[in-house]
Amino acid sequence: GLMLPSGNDAALALGRQVAGNDEMFVARMNALVARIGLTETTYRNAHGLPAPGHLTSAYDLAMLARYAMTLPDFVATVGLRQRTIQGSRTIALTNTNTLLGVYQGTDGVKTGYTEEAGRTMVVSATRNGHRVFVALLNAPDRDEDAKKLLDWAFTNFVFG
């Protein structure tokens with residue numbers, strides 16, 4: 001519910017389950033980004049909706065995705081095109097990352113939208129054992145922009 005259709009309610013529920021309350025979860029998120037050396041990110045809530053002082057950069061998003069893609073459960077989740085969950089009812093969840101299954105090698109990560117940030121996307125694609133990350137903020141045509149940047153990276157960067 002959190003990673004496929006961007007459920008803000010899921011973010012709050014997970015944060016409360018993991019840390020006990022919203023403030024403690026935000027503190028843990030801020031400690032994580034500090035530990036991995038991200039200096040342009042400050043969280044104020046678990047769901048990412050606008051709040052005073054809640055900010056990040058495209059670079060930090062790409063580096064956070066790079067870190068997250070080392071976690072097998074995360075990789076398995078963000079690579080799903082859809083998933084059906086069952087509890088008291090059955091819910092079909094669809095991933096908002098429309099590059100999955102469309103752009104060669106796409107294996108995650110996440111899309112988003114707020115009025116302040118516009119249409120956002122962090123995407124990971126892997127080819128020939130090499131992974132490339134693209135982070136876009138305020139990208140009206142995020143899918144096409146991401147494809148162009150990924151194409152450029154795979155064509156022009158010498159891996160080795």
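Look up a bit, the structure's there.
Read on for a plain summary of the structure.

Conventions adopted
- Residues numbered from 1 in each chain as written.
- Predicted model: local features only at pLDDT ≥ 70, side-chain atom pairs only at ≥ 80, totals over all residues.
- Heavy atoms only, no water.
- Helix = DSSP H or I, 4+ residues; strand = E, 2+ residues; numbered from the N terminus.
- Rg over C-alpha atoms; globule rule 2.2 N^0.38 Å.
- Buried < 20%, exposed > 50% of the residue type's maximum accessible area, 1.4 Å probe, protein only.
- Contact = heavy atoms within 4.5 Å.
- Areas by Shrake-Rupley, 256 points an atom, 1.4 Å probe, with all protein chains shown as cover.
- Core = buried A, V, L, I, M, F, W, Y, C linked by side-chain atoms within 4.5 Å.
- Pairing = 2+ DSSP bridges.
- Axes fitted to C-alpha atoms, helices over the stretch in contact; angles between N-to-C directions.

What follows covers the overall build of the protein. The helix and strand tally for the protein stands at five helices and five strands. In the protein, the succession of helices and strands from N to C terminus is α-α-α-α-β-β-β-β-β-α. A globule of 160 residues ought to have a C-alpha radius of gyration of about 15 Å, and the protein, at 16 Å, matches this closely. Seen through its principal axes, the protein has C-alpha atoms that stretch 45 × 40 × 30 Å. Taking all 160 residues of the protein together, the buried fraction comes to 36%. The long-range share in the protein, meaning contacts at least 24 apart out of those at least 6 apart in sequence, stands at 38%. Of the roughly 9600 Å² that the protein leaves accessible, carbon and sulfur atoms contribute 54%.

Quick look at the nonpolar core now. L99, Y103, V123, V134, A146, L150 and F154 are the most contacted members of the largest nonpolar core, which has 13 residues in total. Elements supplying a minimum of two residues to this core: β4 (118-127), β5 (130-136) and α5 (142-156). With four residues, the top contributor of residues to this core is α5. Non-local contacts of V123, meaning those with residues more than four positions away in its chain, are made with N97, L99, T106, G108, V109, V132, F133, V134, A146 and L150. The next biggest cluster of nonpolar side chains, apart from the first, holds nine residues, and it includes V33, L38, A46 and L64.

Attention shifts here to unusual backbone geometry. Residues other than glycine seldom take positive phi values, yet S6 does so here, at roughly 65°. Tracing the sequence through the fold places S6 in the segment before α1 (8-19). Despite not being glycine, N128 shows a phi value in the positive range, around 50°. Along the chain, N128 turns up in the loop between β4 and β5. On the accessibility criterion, N128 (76% relative accessible area) is exposed.

Attention now goes to the sheet that holds β5. Strands sit in the order β3-β4-β5 across an open sheet of three strands; the sheet is antiparallel. The sheet terminates laterally at β3 (106-114) and β5, the two strands that pair on one side only. Strand-to-strand, the axes of this sheet are offset by a mean angle of 5°, without reference to chain direction. Relative to β5, β4 runs antiparallel, the two being bridged by seven bridges. Bridge assignment links M121 to a residue of β5, and that residue is L136.

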